[in-house]
Amino acid sequence: SLYLFGIVVLAYLFGSIPTAVWFGQAFYGVDVREYGSGNAGATNTFRVLGKKAGIIVMCVDIFKGWTATNLPHLFDSSIVGTTDSISFVNFQLALGVIAVLGHLFPVFAGFRGGKGVATLFGMVIAIQPMAALCCVTVFLVCLIISNYVSLSSISAGFTFPISLALIIKTTVPSVMLYAIAICILILITHQKNIERLLKGKESKIYLFKKSEK
Ligand code: NKO
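As the structure is a computational prediction, the values presented were derived from the model and not from experiment. (Residues numbered from 1 in each chain as written. Predicted model: local features only at pLDDT ≥ 70, side-chain atom pairs only at ≥ 80, totals over all residues. Heavy atoms only, no water.)

Thoughts on the overall build of the protein
- When its secondary structure is counted, the protein shows 11 helices and zero strands.
- Secondary structure elements of the protein occur, N-terminal to C-terminal, as α-α-α-α-α-α-α-α-α-α-α.
- Relative to a compact globule of 213 residues, whose C-alpha radius of gyration would be 17 Å, the protein shows 17 Å and is just as compact.
- By its C-alpha atoms, the protein is 50 × 40 × 25 Å across when sized along the principal axes.
- Of all 213 residues assigned to the protein, the portion counted as buried reaches 47%.
- Taking all contacts inside the protein whose residues are at least 6 apart in sequence as the whole, residues at least 24 apart take part in 64%.
- Only carbon and sulfur atoms are counted for the fraction: they give 71% of the accessible area of the protein, which is about 10900 Å².
- Charge centroids of the protein, computed over 16 positive and 8 negative side chains, lie 11 Å from each other. (Helix = DSSP H or I, 4+ residues; strand = E, 2+ residues; numbered from the N terminus. Rg over C-alpha atoms; globule rule 2.2 N^0.38 Å. Buried < 20%, exposed > 50% of the residue type's maximum accessible area, 1.4 Å probe, protein only. Contact = heavy atoms within 4.5 Å. Areas by Shrake-Rupley, 256 points an atom, 1.4 Å probe, with all protein chains shown as cover. Lys, Arg positive; Asp, Glu negative; His and termini not counted. Charge placed at Lys NZ, Arg CZ, Asp CG, Glu CD.)

A look at the packing of helix 10 (residues 173-189) against helix 11 (residues 191-199)
- At a closest axis distance of 4 Å, the pairing of helix 10 and helix 11 adopts a crossing angle of 65°. Relative to helix 11, helix 10 is oriented roughly perpendicular. Taken together, the residues of helix 11 that come into contact with helix 10 (itself represented by Leu187, Ile188 and Thr189) are Gln191, Asn193 and Ile194.
- When its residues are assigned to classes, the contact of helix 10 with helix 11 shows three nonpolar, three polar and no charged. (Axes fitted to C-alpha atoms, helices over the stretch in contact; angles between N-to-C directions. Parallel < 35°, antiparallel > 145°, perpendicular 65-115°, else oblique. Nonpolar A, V, L, I, M, F, W, Y, C, P; charged D, E, K, R; others polar.)

Notes on the site of the ligand
- Around the ligand, a shell composed of 25 residues is seen, among which Ser37, Thr43, Arg47, Lys115 and His190 lie nearest.
- Ser153 is positioned such that a nitrogen or oxygen atom in its side chain is 2.8 Å from an oxygen atom of the ligand.
- His190 has a polar side-chain atom sitting 2.7 Å from an oxygen atom of the ligand.
- In the complex, the protein chains occlude 97% of the 710 Å² of accessible area that the ligand would expose alone.
- Elements represented by at least two residues in the shell around the ligand include exactly helix 3 (42-49), helix 7 (117-127), helix 8 (129-146), helix 9 (149-166) and helix 10.
- Here the shell around the ligand takes five residues from helix 9, the largest share from any one element.
- When its residues are assigned to classes, the shell around the ligand shows 14 nonpolar, nine polar and two charged. (Near = heavy atom within 4 Å. Polar contact = N/O pair within 3.5 Å; in protein donor to acceptor, adjacent residues only side chain to side chain.)

Now the structure itself:
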């Protein structure tokens, strides 16, 4: 129906909010896409503008994914068109991915966005909090050991389907399909990072080093 289409558009618009670009332009007069990795994400904001800016962008980007995925809860079941929990979760999964596509190709920033990691994480929190906990644990351990955010994002991406299979007995099979697709999506958005990692040229991020900014 028209309502469903409206919710889908809303999810895309939410994902499209280019937090890194707008935050940098508003408070530092800088488009972070012109520096560092050129990515409009939390990591590059951290790299270019410092720890505080990076953490704020990360939080907003996570919130975008969480909000888009929870949009159906805001509407009446007659609008969402189902009371069946499986199709409800399927709709939520679709909305999460649509928000991530908005983050990757934001209408508000010339369709040059980020890599979708934080927004995907927000989606996973909304769909399967236990899996999200597994992902963030692997992410942090990997980051503390390697100091590569990209490698940590990729590892966390793999953790999503693996944690579903090993720890969580999911009743909705499509969650597993989405988890595998998300894992592949992270590999695709990190192709340049993978090349740099293999050449030993990826830039490191030190979480606990004092940033001057
Ligand atoms: O600039 O190319 P870059 O080095 O910036 O950036 C690479 C980086 C891009 O992603 C980001 C977002 C980082 C957000 C960190 C959020 C941490 C929360 C835990 C992550 C769990 C991930 C789960 C993935 C969903 C399955 O990679």
